[in-house]
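Chains, contacts and geometry: an overview
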Amino acid sequence: MKFFIDTANLEQIRDAQNLGVLDGVTTNPSLMAKEGITGRENILKHYVAICDIVEGDVSAEVIATDYDGMVKEGEELAGLHKQIVVKLPMIKEGVKAAKYFSDKGIKTNVTLVFSAGQALLAAKAGATYVSPFIGRLDDVSTDGLNLIAEIRQIYNNYGFSTQILAASVRHTMHVIDCAKIGADVMTGPLSSIEGLLNHPLTDIGLAKFLADYKKGN
Ligand code: G3P
């Protein structure tokens, strides 16, 4: 299972990278705005800064919603750095653009996916990643993890190579449940990754080991 961090915050990306378990980064326009990154030029520079920190795939989202605009913008993004994955919204034009980029061998991430049907279309278009938003489904009393399970079954049935990127992950149990179901990738905040470290028995056990060592030395 790959671990992506879902942020545009360079410090958090560095922290996750330094932990040694990071496989990539996902961003979106809201995450960029949260870091105060505005203006096309600054946004493009920021993507390159992220690529310079991590070794894996970095999803960069297009703003255009028409096919020609998505293709133009996606080509510009893909040209920035070899680690860039073009992130496209799950709309009709986005599916067409995913097919275009897939035919050209450019990696894509189809985002804002909330149903198994949408995920099937993304796979048919040859998307590299599909991003079902599990936290946002949970927010509206719908089981986000169930969607991951449905997509896993459908992709397994036909051997689709599109990777299931569980997105809108909010906490450690989302990560663990996605791993049990067989999501290929999860993307979430740094807290959802670092939270996996925590267990009180680990802390108690370590304190005892150190205290016992001190007694004999
Ligand atoms: O990866 C998708 C993500 O950025 C959305 O997360 O927490 O805003 O639902 P969230």
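Presented here is a report on the structure given in the accompanying data block. (Residues numbered from 1 in each chain as written. Predicted model: local features only at pLDDT ≥ 70, side-chain atom pairs only at ≥ 80, totals over all residues. Heavy atoms only, no water.)

1. A closer look at the sheet that holds strand β4 (residues 84–89)
Strand pairing within a sheet occurs via backbone hydrogen bonds; the two strands may be parallel or antiparallel. Selection rule: DSSP-based pairing: two strands are paired if at least 2 bridges between them are found. Comment: elements are numbered from the N terminus, with helices defined as DSSP H or I runs of at least four residues and strands as E runs of at least two. Lines are fitted to the C-alpha atoms to define the axes, a helix being fitted only along its stretch in contact, and any angle between axes, read from their N-to-C directions, falls within 0 to 180 degrees. Contact between two residues is taken to exist if any of their heavy atoms lie within 4.5 Å; hydrogens are not considered.
Spatially, 8 strands are ordered β1-β2-β3-β4-β5-β6-β7-β8 in a closed barrel, and the strand pairing comes out parallel. Neighbour-to-neighbour, the strand axes of this sheet turn through a mean angle of 30°, independent of strand direction. Strand contacts of helix α3 (residues 40–53): β2 (24–26), β3 (57–61) and β4, with the helix running at about 165° to β3, the strand carrying the most contacts.

2. What to know about the site of the ligand
The condition is simple: The criterion for a residue being near a molecule or strand is simple. One of its heavy atoms has to lie within 4 Å of it. Any pair of N or O atoms that falls within 3.5 Å is considered a polar contact. Within protein, one atom must be able to donate a hydrogen and the other to accept it, and sequence-neighbouring residues count only if both atoms are side-chain atoms. With residues, only the protein chains shown are counted as cover, and all accessible areas are computed by Shrake-Rupley using a 1.4 Å probe. In this classification, the charged set is Asp, Glu, Lys and Arg, the nonpolar set is Ala, Val, Leu, Ile, Met, Phe, Trp, Tyr, Cys and Pro, and all remaining amino acids, among them Gly, are polar.
In the vicinity of the ligand, the contacting residues are D6, N28, L31, F133, R136, A167, S168, R170 and T187. Between R136 and the ligand, the recorded distance is 2.7 Å, taken from a side-chain N or O atom to an oxygen atom. Coverage of the ligand by the protein chains reaches 82% of its 310 Å² of free accessible surface. Looking at the shell around the ligand, its residues break down into 3 nonpolar, 3 polar and 3 charged.

3. Looking at the packing of aromatic side chains
The condition that has to hold: Each Phe, Tyr or Trp ring (for Trp, its six-membered ring) is paired with any other whose centre lies within 6.5 Å, and the angle between the two planes then decides the class: stacked below 30 degrees, edge-to-face above 60, tilted in between.
A complete count under the given rule lists 6 aromatic pairs for this structure. An angle of 90° between the planes, with centres 6.3 Å apart, marks the rings of Y67 and Y100 as edge-to-face. Of the two residues, Y67 is situated in helix α4 (residues 67–80) and Y100 in helix α5 (residues 92–103); the sequence distance between them amounts to 33 residues. Feature note: the residues Y67, Y100 and F101 constitute an aromatic cluster, connected by ring pairs.

4. Notes on the environment of A64
Along the chain, A64 falls in the loop between β3 and α4. Considered as a pair, A64 and G74 are 10 residues apart in the sequence and their alpha carbons are 9.2 Å apart. Look past the residues within four positions of A64 in its chain and what remains in contact with it is G69, M70 and E73.

5. Observations regarding the packing of helix α1 (residues 10–19) against α3
The test is simple: We call two directions roughly parallel when the angle between them is under 35 degrees, roughly antiparallel when it is over 145, roughly perpendicular when it lies between 65 and 115, and oblique otherwise. The handedness criterion is simple: a crossing whose near helix is rotated anticlockwise from the far helix by less than a right angle is left-handed, and one whose near helix is rotated clockwise is right-handed.
Close contact between α1 and α3 brings their axes to 10 Å; oriented N to C, the two are set at 15°. The orientation of α1 relative to α3 falls into the category roughly parallel. Here α1 runs over α3; the crossing is right-handed. Of the residues in α3, those touching α1 at L10, I13, R14 and Q17 are H46, A49, I50 and I53.

6. Quick notes on α4
Note the cut-off: Here the expected span of a helix is defined as 1.5 Å times the quantity of residues minus one. For every residue, the accessible area (1.4 Å probe, protein chains only) is compared with the maximum for its type, and the residue is labelled buried under 20%, exposed over 50%, or partly exposed between those bounds.
For α4, built from 14 residues, the straight-helix expectation of 20 Å at 1.5 Å per residue is met to within 8% by its first-to-last C-alpha distance of 20 Å. Listed as buried for α4 are G69, M70, V71, E73, G74 and L77. Buried residues in α4 make contact with α3, β3, β4 and α5.

7. Concerning the nonpolar core
Which entries qualify depends on this criterion: For the purposes of this section, nonpolar cores are sets of buried Ala, Val, Leu, Ile, Met, Phe, Trp, Tyr and Cys residues that join through side-chain atoms within 4.5 Å.
Core analysis: the largest hydrophobic core is formed by 56 residues, its most contacted members being I5, I13, V25, Y47 and L88. Take this core: its biggest share by element is 6 residues, from α3. The residues touching Y47, leaving out its near neighbours within four places in the chain, are T27, M32, S59, A60, E61, L77, L80 and I84. F4, Y129, A167 and V185 belong to the second-largest nonpolar core, a separate cluster that totals 7 residues.

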